Amino acid sequence: MALEKLFSVEEAARELGGLSKYTIHAWLSSGKLRRTKVGSRTMIRESELREFLLGCNPEVATKGRKATSEAS
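Structural notes, computed from the coordinates. (Residues numbered from 1 in each chain as written. Predicted model: local features only at pLDDT ≥ 70, side-chain atom pairs only at ≥ 80, totals over all residues. Heavy atoms only, no water.)

1. Examining the packing of aromatic side chains
If you walk through the whole model with that rule in mind, you get one aromatic pair. Ring centres of W27 and F52 lie 4.7 Å apart, and the angle between their planes is 40 degrees; on these two criteria the pair is classed as tilted. You can see W27 sitting in helix α2 (residues 21–30) and its partner F52 sitting in helix α3 (residues 46–56), a full 25 residues away along the chain. Like F52, W27 is buried. (Phe/Tyr/Trp six-rings, centres within 6.5 Å; stacked < 30°, edge-to-face > 60°. Helix = DSSP H or I, 4+ residues; strand = E, 2+ residues; numbered from the N terminus. Buried < 20%, exposed > 50% of the residue type's maximum accessible area, 1.4 Å probe, protein only.)

2. Here's the deal with the sheet that holds strand β1 (residues 6–8)
Judged by pairing direction, the sheet is antiparallel, and its three strands sit side by side in the order β1-β3-β2 without closing on themselves. Of all strands in the sheet, those with a lone pairing partner are β1 and β2 (36–38), marking the two edges. When strand polarity is set aside, the average angle formed by the axes of neighbouring strands in this sheet is 45 degrees. Judged from the three bridges that link them, β2 and strand β3 (residues 41–45) form a sheet pairing that is antiparallel. Residue pairing for β3: T36 is matched across the bridge by M43. Contacting β1 and β3, α3 runs over the sheet at an angle of about 60 degrees to β3. (Pairing = 2+ DSSP bridges. Axes fitted to C-alpha atoms, helices over the stretch in contact; angles between N-to-C directions. Contact = heavy atoms within 4.5 Å.)

3. Overview of the pattern of salt bridges
Scanning all chains against the criterion turns up three salt bridges. The shortest N-O distance in the salt bridge between E4 and R45 comes to 3.8 Å. Of this pair, E4 sits in the segment before β1 while R45 sits in strand β3, placing them 41 residues apart in sequence. By relative accessible area, which is 32% here, E4 ends up partly exposed. (Salt bridge = Lys/Arg side-chain N within 4 Å of Asp/Glu carboxyl O.)

The following block contains the structure:
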């Protein structure tokens, strides 16, 4: 069973292009990103970051899905 990678708020900020951790906290508070709690730590699943990025640019998401389905 493969475990999904979890990012801290700081790691997620770096992964999204060097954003401020305060931006990530704001997105978590507003519901743009979903958090996963590990003890008292706020973590963000890799799949959440991917979904968020695809939601930011639906054209790329649509093209990516179309190319993937055509390749199958």
